[in-house]
Structures are given as C-alpha cells and as structure tokens.
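Residue strings, one per chain:
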Amino acid sequence: SREGKVRSLDFSGDWLAIGGNDCTATLVNINFKADQNGNRMLHKLEVVTELERVDQVYCVKFSPDGTYLAVGGFDGMVAICSITSRKSTRTQLVLVAEIRRSGLVFSVDWSPDGLLLAIGGNDKSCAIVDQSWGIMCEVQRPASITSV
C-alpha cells in the first residue's frame, strides 16, 4: 500500500489512474461482476502497473481514447505514457515523451479529439502540446495556473 496524499484521479473505461505524494502514477484495473439481478457490481481493484517519478505527482489524465496517460508533477515534467496490452494482465505504462516546464505542473488536459494537450503550472503559463510532443504555443498569465 502507498502512503501520502492522493492528488489526482482519472477514469478511462475499466481503468483508474492515481497520482499523489508517493511519487508514482498508478494504473488500477477496476473489475466488475454481475449480481444475481444482472446489475454491475464492483468486484475488486487491482494495481496493474506504476510509473515512478522523482517528485510528487500532482495530475494524471487519460487521453480521450484511453491510449495515453499524461502525468504531471512537482518535478516540472509531464510524462506522456502509452498504455499497452490494455486487455491483459501485462498492461504497462510505456514512457513515450517527457515535456519539461520551468516550474511545478499543476494541471493537464487533452483536447476532445486527443490531438492536443494543455499544461498549466506555477510558471504562470499554459502550454499547448501537439502529437509530436512539442510545445506549439504558450499563453502567459499573471498567476499560477491550477486548472486547464
């Protein structure tokens, strides 16, 4: 079991991503079963894989199609992970890119089509990242950006 504060949760289908003060992003499989009336009931939660970071994880967010997980935190980086073998017990988070920011990362969110990622943090800017994982543009604000 992990210790410390949970800072972010996100669902994608039968998956739950968890980020927090324990410096990990955790991918959990949510297993359901039907009761005698056919109602879907929670059967168990199973930790499938974890991504270790060097500092606290402040935000986790699945892409709309569930193929990527963005992980941001106090290390000033956003890790982009692909989720492989989603239907097997060998599911892994594979690091495909890291995007460096000049401060803590407080928030990440995908565009509805999953082609862009917005990143906000205490560097007082909102960065927009494309599928090549490069920063397309940045918008400066007068204060930290805690939600995008």
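Right, let's get into the state of the cysteines. Tallied over the full model, the rule gives zero disulfides. Free cysteine: Cys59, not disulfide-bonded; nearest cysteine sulfur from Cys126 at 12 Å. Residue classification places Cys59 among the buried residues on the basis of a relative accessible area of 5%. Between Cys126, a cysteine without a disulfide, and Cys137, which holds the nearest cysteine sulfur, the sulfur-to-sulfur distance is 7.7 Å. Looking at Cys126, the relative accessible area reads 16%, which means it is buried.

A word on the sheet that holds strand 1 (residues 6-12). Spatially, 1-2-3-4 is the arrangement adopted by the four strands of the open sheet, whose pairing is antiparallel. At either margin of the open sheet sits one strand with a lone partner, and together these are strand 1 and strand 4 (40-52). The mean angle between the axes of side-by-side strands here comes to 20°, regardless of whether they run parallel or antiparallel. Inspection of the sheet shows strand 1 paired to strand 2 (residues 15-20) by six bridges, in the antiparallel sense. Directly across from Asp10, in strand 2, lies its bridge partner Ala17.

A cluster of nonpolar residues, Phe32, Leu42 and Leu45, forms a patch on the protein surface that exposes about 300 Å² of accessible area. Along the chain, the position of Leu45 falls in strand 4. Residue Leu45 is classed as exposed on the basis of its relative accessible area of 54%.

Looking now at unusual backbone geometry. Of note in the backbone geometry, Lys124 takes a positive phi value of approximately 65° without being a glycine. If you trace the backbone, Lys124 turns up in the loop between strand 10 (117-121) and strand 11 (125-129). For Lys124, a relative accessible area of 38% translates into the label partly exposed. A positive phi angle, close to 65°, is found at Trp133, a residue other than glycine. For Trp133, a relative accessible area of 17% corresponds to the buried category.

A few words now on the side chain of Arg53. Along the chain, Arg53 falls in the loop between strand 4 and strand 5 (57-62). Residue Arg53 is classed as buried on the basis of its relative accessible area, which comes to 13%. Within the local environment of Arg53, its side chain forms a polar contact with the side chain of Glu98, the two groups lying 2.8 Å apart. What Arg53 contacts, discounting residues up to four positions off in sequence, is Cys23, Val71, Asp75, Met77, Ala79 and Glu98.

How each quantity is defined
- Residues numbered from 1 in each chain as written.
- Predicted model: local features only at pLDDT ≥ 70, side-chain atom pairs only at ≥ 80, totals over all residues.
- Heavy atoms only, no water.
- Disulfide = S-S within 2.5 Å.
- Buried < 20%, exposed > 50% of the residue type's maximum accessible area, 1.4 Å probe, protein only.
- Pairing = 2+ DSSP bridges.
- Helix = DSSP H or I, 4+ residues; strand = E, 2+ residues; numbered from the N terminus.
- Axes fitted to C-alpha atoms, helices over the stretch in contact; angles between N-to-C directions.
- Patch = residues over 30% accessible without salt bridge, like charges linked within 9 Å, V, L, I, M, F, W, Y side chains within 5 Å.
- Areas by Shrake-Rupley, 256 points an atom, 1.4 Å probe, with all protein chains shown as cover.
- Salt bridge = Lys/Arg side-chain N within 4 Å of Asp/Glu carboxyl O.
- Polar contact = N/O pair within 3.5 Å; in protein donor to acceptor, adjacent residues only side chain to side chain.
- Contact = heavy atoms within 4.5 Å.

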